[in-house]
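Structural overview
Residue-level listing of the chains:
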Protein chains: 2
Amino acid sequence: MVRGMTTRGYHHGDLRRALLAAAVEAIDESGPAALSLRDLARRAGVSHAAPAHHFGDKAGLLTALAVEGFDLLAEALGWAGDDLLEIGVAYVRFAVDHRAHFEVMFAPGLYRADDPEVAAARARAGAALRGGVATLPDRPAVEPARDALAAWSIVHGFATLWLAGALPSDAGRDPEAAARAVIRRLFE
Amino acid sequence: MVRGMTTRGYHHGDLRRALLAAAVEAIDESGPAALSLRDLARRAGVSHAAPAHHFGDKAGLLTALAVEGFDLLAEALGWAGDDLLEIGVAYVRFAVDHRAHFEVMFAPGLYRADDPEVAAARARAGAALRGGVATLPDRPAVEPARDALAAWSIVHGFATLWLAGALPSDAGRDPEAAARAVIRRLFE
């Protein structure tokens, strides 16, 4: 928790990280639309000018969160190796563990989606996902772009429905186990 | 457009419908979180008490929109017959054509998701989707609940990514054609 600390307590990079952590906390509570830089400064216990100094405006802050999110996602998918099933499970785990980042990343109207850092981080995550498609069993008509889109759709849809609490109770309580069963459907 | 009309211009049911239509318009512009009953009254050109009279509060209004959305979805899936591919394409078409409803339906924190009318409408939509799973080709291990969840995940994920503008440009410009190709992956 960063509450009660003051600007003087931070090195430059630490304050930036503390503001991003406070933003994640605020988004977990109320969603990205309700976030304001003024609330963020109060939450982080810093001057109300600090968030603007680091991020310019709210879109700048959410752009930084989107970059961080796509970087974390690329890292998580990379750790999963080159097996599409494990990559898909890692995608769902990332969404569940980093709900605020995930929500911002896929709300491009709220941030600068064409920012070069966002584009680069998003490309790294996309490459990790597409890498797993190469592990799919041979079929009569392999279409890598279409297969990657199908894999992305199924894991993104599962994660989104899980986070929305929309799934029936027979989907179980463990998102990774349920996701694993659903993603296996692509291999049959 | 309903702007400029007054409460006296409406029969009871018409005013309710006009308020729901104005809410859809407002959500299309700014998302459900930003919606306020006061803005809605101004947008519909009615007294500021009219939305509260019809819906109680913002959660009540969004509950009514969720009911309407799940009803429209159940109807759209029903028209698609019992072929899972066509049902999936109809799901994506619904999301693209009724973006505001779709966004509210899957943001259950914003409305009364346990409202009996919501539950009934959601169950009708779910039954229409599950009905299509029966048309999947026989495979060694058919698991209807798991297969329905996989089908729901892939169409929900595709629709969500499409609406977020997250898909690569090689996914094309026609959401129905792209969805059809992706859903076919479940049949191979």
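This is a predicted model, so every value here is computed, not measured.

Calculation notes
- The written sequence of each chain sets the order in which its residues are numbered from 1.
- Throughout, the order in which chains and ligands are written sets their labels, letters from A for the former and numbers from 1 for the latter.
- Local features are withheld for residues below a pLDDT of 70 in this predicted model, meaning they are given only at 70 or higher, and side-chain atom pairs are given and counted only at 80 or more; totals for whole chains, interfaces and linings count all residues.
- Note that water and hydrogens are dropped before the side-chain values are worked out from all heavy atoms of the structure.
- Going along the chain from the N terminus, every DSSP run of H or I of four or more residues is numbered as a helix, and every run of E of two or more is numbered as a strand.
- Each residue is assigned to one of three classes by its accessible area relative to the maximum for its type, calculated with a 1.4 Å probe on protein chains only: buried under 20%, partly exposed between the two thresholds, exposed over 50%.
- Contacts are residue-level and defined by heavy atoms, with any inter-residue pair within 4.5 Å sufficient.
- Only the protein chains shown count as cover for residues, with accessible areas throughout obtained via the Shrake-Rupley method and a probe of 1.4 Å.
- Only residues with pLDDT of at least 70 in both copies count here: their C-alpha atoms drive the least-squares fit that superposes the copies.
- The buried area of a pairing is the accessible area, by a 1.4 Å probe, that goes missing from both parts when the two are put together, added over both.
- The rule for a salt bridge is simple: a side-chain nitrogen of Lys or Arg has to be within 4 Å of a carboxyl oxygen of Asp or Glu.
- Under the rule applied, a polar contact is a pair of N or O atoms within 3.5 Å (in protein, one hydrogen donor and one hydrogen acceptor; residues adjacent in sequence only if both atoms are side-chain atoms).
- Pairing of aromatic rings covers Phe, Tyr and Trp, the last counted by its six-membered ring, and requires centre-to-centre distances within 6.5 Å; plane angles under 30 degrees mean stacked, over 60 mean edge-to-face, and any other angle means tilted.
- UniProt positions are given in the numbering used here, feature names are shortened, and annotations may be inferred rather than shown by experiment.
- Scored from 0 to 100, pLDDT records how confident the predictor is in each individual residue.
- For every element, the axis is a line fit to its C-alpha atoms; helices are fit only across the contacting stretch, and the angle between N-to-C directions ranges from 0 to 180 degrees.
- Roughly parallel here means an angle under 35 degrees, roughly antiparallel means over 145, roughly perpendicular means 65 to 115, and every remaining angle is called oblique.
- With the far helix as reference, a near helix turned anticlockwise by less than a right angle produces a left-handed crossing, and one turned clockwise produces a right-handed crossing.
- Side-chain classes follow a simple rule in which Ala, Val, Leu, Ile, Met, Phe, Trp, Tyr, Cys and Pro form the nonpolar group, Asp, Glu, Lys and Arg form the charged group, and the remainder, Gly included, forms the polar group.

As for the overall build of chain A
Broken down by element type, chain A carries nine helices and zero strands. When the helices and strands of chain A are placed in sequence order, the string is α-α-α-α-α-α-α-α-α. Looking at chain A residue by residue over its 188 residues, the buried ones come to 49%. Put simply, 68% of the contacts in chain A that link residues at least 6 apart link residues at least 24 apart. Just so you have it, chain A exposes about 8800 Å², and 54% of that area is on carbon and sulfur atoms.

Some thoughts on the relation of the copies chain A and chain B
Once chain A is rotated about the relating axis by 180° and shifted along it by 0.0 Å, it coincides with chain B to within an RMSD of 0.0 Å. In symmetry terms, the pair is related by a two-fold rotation axis. Taking C-alpha positions as reference, the residue of chain A nearest the rotation axis is A:Gly157, located at 1.7 Å. Looking at chain A, 100% of its interface residues are interface residues in chain B too, so the copies touch through the same face.

As for the interface of chain A and chain B
Each side of the interface is counted separately: chain A has 31 residues, and chain B has 31 residues. Between chain A and chain B, a total of about 2600 Å² is buried, with carbon and sulfur atoms accounting for 69% of that surface. Among the residues of chain A in contact with chain B, A:Arg146, A:Leu161 and A:Arg185 are the three that bury the most area, contributing 24% of the side total. For the pair chain A and chain B, the interface holds two salt bridges. Of the charged contacts, one joins A:Arg185 and B:Asp147 as a salt bridge, the two residues approaching to 3.3 Å between their closest N and O atoms. At the boundary of chain A and chain B, one finds six residue pairs in polar contact (both at pLDDT 80 or more). Elements with a minimum of two residues in the side of chain A that touches chain B: helix H8 (144-163) and helix H9 (175-184) of chain A.

Some details on the packing of aromatic side chains
Remark: the centre distance and the inter-plane angle together describe each pair of aromatic rings, the angle taken between the planes. For the structure on display, the rule yields 10 aromatic pairs over all chains. Through pairs of rings, three or more aromatic residues link up here, namely A:Phe70, A:Tyr91, A:Phe102, A:Phe106 and A:Trp152.

Quick look at the UniProt feature "DNA-binding region" (unreviewed entry) in chain A
In this numbering, the UniProt entry assigns the feature "DNA-binding region" (unreviewed entry) to residues 36-55 of chain A. Along residues 36-55 of chain A one finds 70% helix and 0% strand; the C-alpha atoms at either end are 12 Å apart.

Some details on the environment of A:Ala23
All names here are of chain A. If you trace the backbone, Ala-23 turns up in helix H1 (residues 12-30). As for Ala-23 and Ala-44, which are separated by 21 residues in sequence, their C-alpha atoms are 8.8 Å apart. Those residues within four positions of Ala-23 in sequence are excluded, and the remaining contacts are Leu-35, Leu-40, Leu-61 and Leu-65.

Things to note about the environment of B:Gly13
Relative to the helices and strands, B:Gly13 resides in helix H1 (residues 12-30). Sequence separation of B:Gly13 and B:His54 is 41 residues, and the distance between their C-alpha atoms is 9.6 Å.

Regarding the side chain of B:Arg43
Structurally, B:Arg43 can be placed in helix H2 (residues 37-44). A polar contact of 2.9 Å, which involves the side chain of B:Arg43, links it to the side chain of B:Glu25.

Section: the pattern of salt bridges
The full count for this structure, using the stated rule, is 20 salt bridges over all chains. A salt bridge links A:Arg42 to A:Asp39, with the shortest nitrogen-to-oxygen separation between them at 2.5 Å. With A:Arg42 and A:Asp39 both in helix H2 (residues 37-44) and three residues apart, this pair spans about one turn of that helix. Using a relative accessible area of 33% as the deciding quantity, one classes A:Asp39 as partly exposed. For the salt bridge of B:Asp147 with B:Arg146, the shortest nitrogen-to-oxygen distance reads 3.1 Å. Each of the salt bridges in this network shares a partner with another, and the network as a whole consists of A:Glu25, A:Glu29 and A:Arg43.

What to know about the confidence of the model for chain A
Segments scoring low in pLDDT should not have their predicted coordinates read at a detailed level. With 90% of its residues at a pLDDT of 70 or more, chain A shows a mean pLDDT of 88. Per-residue pLDDT stays below 50 along residues 1-7 of chain A; that stretch engages in 19 contacts with residues further than four places along the chain or on separate chains.

Focus on the packing of helix H5 (residues 84-97) of chain A against H8(A)
Residue and element names in this part refer to chain A. Relative to each other, H5 and H8 sit at 30°, their axes nearing to 9 Å. What the angle tells us is that H5 and H8 run roughly parallel. Here H5 runs over H8; the crossing is right-handed. Between H5 and H8, the residues in contact are Leu-84, Gly-88, Tyr-91, Val-92, Ala-95 and Val-96 and Ala-151, Trp-152, Val-155, His-156, Phe-158, Ala-159, Trp-162 and Leu-163, respectively. Class assignment of the residues belonging to the contact of H5 with H8 gives a composition of 12 nonpolar, two polar and no charged.

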